[in-house]
Amino acid sequence: MLDFVLRRARLAGRGEATFDIGIANGKIAEIAPVISSDAAQAEDAGGRLVTPGFVDTHIHLDKSCILDRCALSEGTLQEAIAQVAAAKSGFTEDDIYARGRRTLEKAIVQGTMRMRTHVEVDPRVGLKGFNAVRRLKRDYAWAIDLEICAFPQEGLLNDPGTEELLVAACEQGADLIGGCPYTDRNPHGHIARIFEIARRFDLDIDFHLDFDLDPSWMDLDEVCRQTEVHRHGGRIAVGHVTKLSALPSAQVAALAQRLADVGVAVTALPSTDLFLMGRAHDHNVPRGVTPVHTLMRHGVTCSLATNNVLNPFTPFGDCSLIRMANLYANIAQTGAPHQLATCFDLVTTQPARLMNLKNYGLAIGNPADLVLLDCRDAAMAIAEISSPLLGIKGGRRSFTRSAPVLNPPIS
């Protein structure tokens, strides 16, 4: 007995045919051209695209929505780190919860249903952010699956007391651990210590890495080496890696092969990276965004993600991953239908693989986590920045958005 049927839906990669999707007990029970059912609820997709919920692999809920507390003059990474460091000393758990809630609700109505949020732990903020985001994870489980990555934004070996807090977060249920070696006096020591803590707690790792445009040196090499040493392939991700945007294509190809071989995934953060990189140039300003579509061709698992929202790292953001993928397509100058479809993959199937999600996708038996988009295929979703009209999470409606209606004058 079906609880809900979504009728006449187009599915990515399945051409012009439409399908009915039957849902029972919160899971996808049937996918067929036509389902004969007297389910209590039904919705007509009208030939629009239905996709599994979007997946955001890199966002910072704990420091979102603080523009009013920070001064923004230089627009550099160093300024952003300093401004947020000063602001977070005044954070309270309830304050972090309220701002994180505002951002999380934006993401939900944009169709995001799986999310990895990075949360800072250090002596200035303690575990306030971690505790606030754990509350968000619990309170919004009806709409989104939230994964918490505890990490030291301002360094580890150079910041006494941070490691103890990082370990405490792991003991109290952090889903994975992160690192930020470029803010540490000993980047390789930082990387080694993060791997050791991850091994102790059997956690995946997600590094902020190589966040500048000087390709003469890279911590990426050390991350790849440590991944091999610890046999942690498939459980490591790196975000930003903007140095890759400053390399010739042959070197990018060689590094891509290395990443694929050892099992290190890459997340590009188009809005932040475009905003912060290239500040020293007064003409021919580089884009500074990692070419993840190129890395994918070599077998690297990749994603596009939001990163920061309304703070000095990124003073913009509506948490739309469709908009982020469209921005990336513009930056990367990819406009052919198959290239736009790849950009769609970078906010759906690819990030699901990066997060090792085992039950993601439109398949019988998987959770009924679906988004109805106001378009007919994946390429046009990116080209038009199509609006999500309906979300179904675990078989129940999680949000509804009306399609726009024109009101011409009556003649």
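Computed from a predicted structure; not experimentally measured.

Caption draft 1: Molecular detail of the overall build of the chain. Within the chain, the regular secondary structure consists of 13 helices and 16 strands. Taking 2.2 N^0.38 as the reference for a compact globule, 411 residues should give roughly 22 Å; the C-alpha atoms of the chain span a radius of gyration of 21 Å, in line with that estimate. Seen along its three principal axes, the alpha-carbon backbone of the chain occupies a region of about 65 × 55 × 45 Å. Counting over 411 residues, the chain shows a buried share of 57%. A total of about 16400 Å² of accessible surface is found on the chain, and carbon and sulfur atoms cover 50% of it. Between the centroid of the 41 positive side chains of the chain and the centroid of its 48 negative side chains there is a distance of 3 Å.

Caption draft 2: Local environment of the pattern of salt bridges. Following the criterion strictly, the structure yields 35 salt bridges and no others. Between Asp 44 and Arg 8 there is a salt bridge, with its nearest N and O atoms 2.8 Å apart. Of this pair, Asp 44 sits in strand 4 (residues 41–44) while Arg 8 sits in strand 1 (residues 4–11), placing them 36 residues apart in sequence. Given the relative accessible area of 42%, Asp 44 is considered partly exposed. Residue classification places Arg 8 among the partly exposed residues on the basis of a relative accessible area of 42%. A salt bridge links Glu 120 to Lys 88, with the shortest nitrogen-to-oxygen separation between them at 2.3 Å. Taken together, the residues Glu 120 in strand 7 (residues 112–120) and Lys 88 in helix 1 (residues 77–88) connect sequence positions 32 residues apart. There is no split in this pair, since Glu 120 and Lys 88 are both buried. Salt bridges sharing partners connect three or more residues here, namely Lys 63, Lys 88, Glu 120, Asp 122, Arg 124, Glu 154 and Asp 159.

Caption draft 3: Fine view of the sheet that holds strand 13 (residues 302–304). Within the open sheet, the eight strands sit side by side as 6-7-8-9-10-11-12-13. Their pairing is parallel. For this open sheet the edge positions go to strand 6 (54–59) and strand 13, each flanked by a neighbour on one side alone. The sheet shows a mean angle of 25 degrees between the axes of neighbouring strands, taken without regard to direction. The pairing of strand 8 (residues 145–151) with strand 9 (residues 176–179) spans two bridges and is classified as parallel. When the bridges of strand 9 are listed, Cys 149 appears paired with Leu 176.

Caption draft 4: Quick look at the state of the cysteines. One pass over the structure, following the stated rule, counts zero disulfides. Free cysteine: Cys 170, not disulfide-bonded; nearest cysteine sulfur from Cys 149 at 9.0 Å. Taking relative accessible area as the criterion, Cys 170 reaches 7% and is therefore assigned buried. For Cys 375, which is in no disulfide, the shortest distance to another cysteine sulfur is to Cys 343 and amounts to 14 Å. The buried category is assigned to Cys 375, whose relative accessible area is 6%.

Caption draft 5: Focus on the packing of helix 4 (residues 162–171) against helix 5 (residues 187–201). Two elements in contact, helix 4 and helix 5, have axes separated by 11 Å at closest approach and are oriented at 25 degrees. One way to sum up the angle between helix 4 and helix 5 is to call them roughly parallel. Regarding helix 4 and helix 5, the two cross each other, and that crossing is right-handed. Across the interface between the two elements, Glu 163, Leu 166, Val 167, Cys 170 and Glu 171 of helix 4 pack against Arg 193, Ile 194, Ile 197, Arg 200 and Phe 201 of helix 5. Among the residues forming the contact of helix 4 with helix 5, the class breakdown is six nonpolar, no polar and four charged.

Caption draft 6: Region of interest: the pairing of strand 10 (residues 204–209). Judged by how many residues are buried, strand 10 sits mostly within the fold: six of six residues are covered. The alternating pattern of strand 10 places Asp 204, Asp 206 and His 208 and Ile 205, Phe 207 and Leu 209 on opposite faces, both of which are buried. Pairing analysis gives four bridges linking strand 9 to strand 10, with the strands arranged parallel. Bridge pairing links Leu 176 to Asp 204 in strand 10. Following the backbone out of strand 9, through helix 5 and into the adjacent parallel strand 10, one traces a crossover that is right-handed.

Caption draft 7: Highlighting the pairing of strand 12 (residues 264–268). Judged by how many residues are buried, strand 12 sits mostly within the fold: five of five residues are covered. Along strand 12, one buried face is formed by Val 264, Val 266 and Ala 268 and the opposite face, lined by Ala 265 and Thr 267, is buried too. As paired elements, strand 11 (residues 236–240) and strand 12 share four bridges and run parallel to each other. Each residue of the ladder has a partner; that of Val 238, found in strand 12, is Val 266. Tracing the backbone out of strand 11, into helix 7 (residues 249–262) and back to the parallel element strand 12 gives a crossover that is right-handed. One ladder, built from three bridges, connects strand 12 with strand 13; its direction is parallel. Opposite Ala 268, over in strand 13, you have Leu 304 as the bridge partner.

What counts as what
Each chain carries its own residue numbering, running from 1 in the written order of its sequence. With pLDDT at 70 or above as the cut-off, local features in this predicted model cover only qualifying residues; side-chain atom pairs require 80 or more to be listed or tallied, and sums for whole chains, interfaces and linings still use all residues. Each side-chain value is derived from all of the structure's non-hydrogen atoms; neither hydrogens nor water enter the calculation. Secondary structure elements follow DSSP: runs of H or I of four or more residues count as helices, runs of E of two or more count as strands, with numbering from the N terminus. Our radius of gyration looks at C-alpha atoms and nothing else; its globule reference is 2.2 Å times the residue count to the power 0.38. The cut-offs for exposure are 20% and 50% of the maximum accessible area for each residue type, with area from a 1.4 Å probe on protein chains only; residues under the lower value are buried, those over the upper are exposed, and the others partly exposed. Only the protein chains shown count as cover for residues, and the accessible areas themselves come from Shrake-Rupley with a 1.4 Å probe. Positive charges are assigned to Lys and Arg, negative charges to Asp and Glu, while His and the chain termini are left out of the count. By convention, the charge on Lys lies at NZ, on Arg at CZ, on Asp at CG and on Glu at CD. When a carboxyl oxygen of Asp or Glu is within 4 Å of a side-chain nitrogen of Lys or Arg, the pair counts as a salt bridge. Between any two strands, at least two bridges found by DSSP are needed for them to pair. Each axis is a line fitted through C-alpha atoms, taken for helices only over the stretch in contact, and angles between the N-to-C directions span 0 to 180 degrees. The definition used for a disulfide is geometric: two cysteine sulfur atoms within 2.5 Å. Note on angle classes: values under 35 degrees are labelled roughly parallel, values over 145 roughly antiparallel, values of 65 to 115 roughly perpendicular, and the remainder oblique. When the near helix sits turned anticlockwise from the far one by under a right angle, the crossing is termed left-handed; a clockwise turn instead gives a right-handed crossing. Contacts were defined at the residue level, with two residues in contact if any of their heavy atoms lie within 4.5 Å. Ten residue types, Ala, Val, Leu, Ile, Met, Phe, Trp, Tyr, Cys and Pro, are classed as nonpolar, four, Asp, Glu, Lys and Arg, as charged, and the remainder, Gly among them, as polar. Convention used here: a crossover is right-handed provided that the path from the first strand, over the helix, to the second strand proceeds clockwise when the strands point away from the viewer.

No statement about biological role is implied by the geometric values presented.
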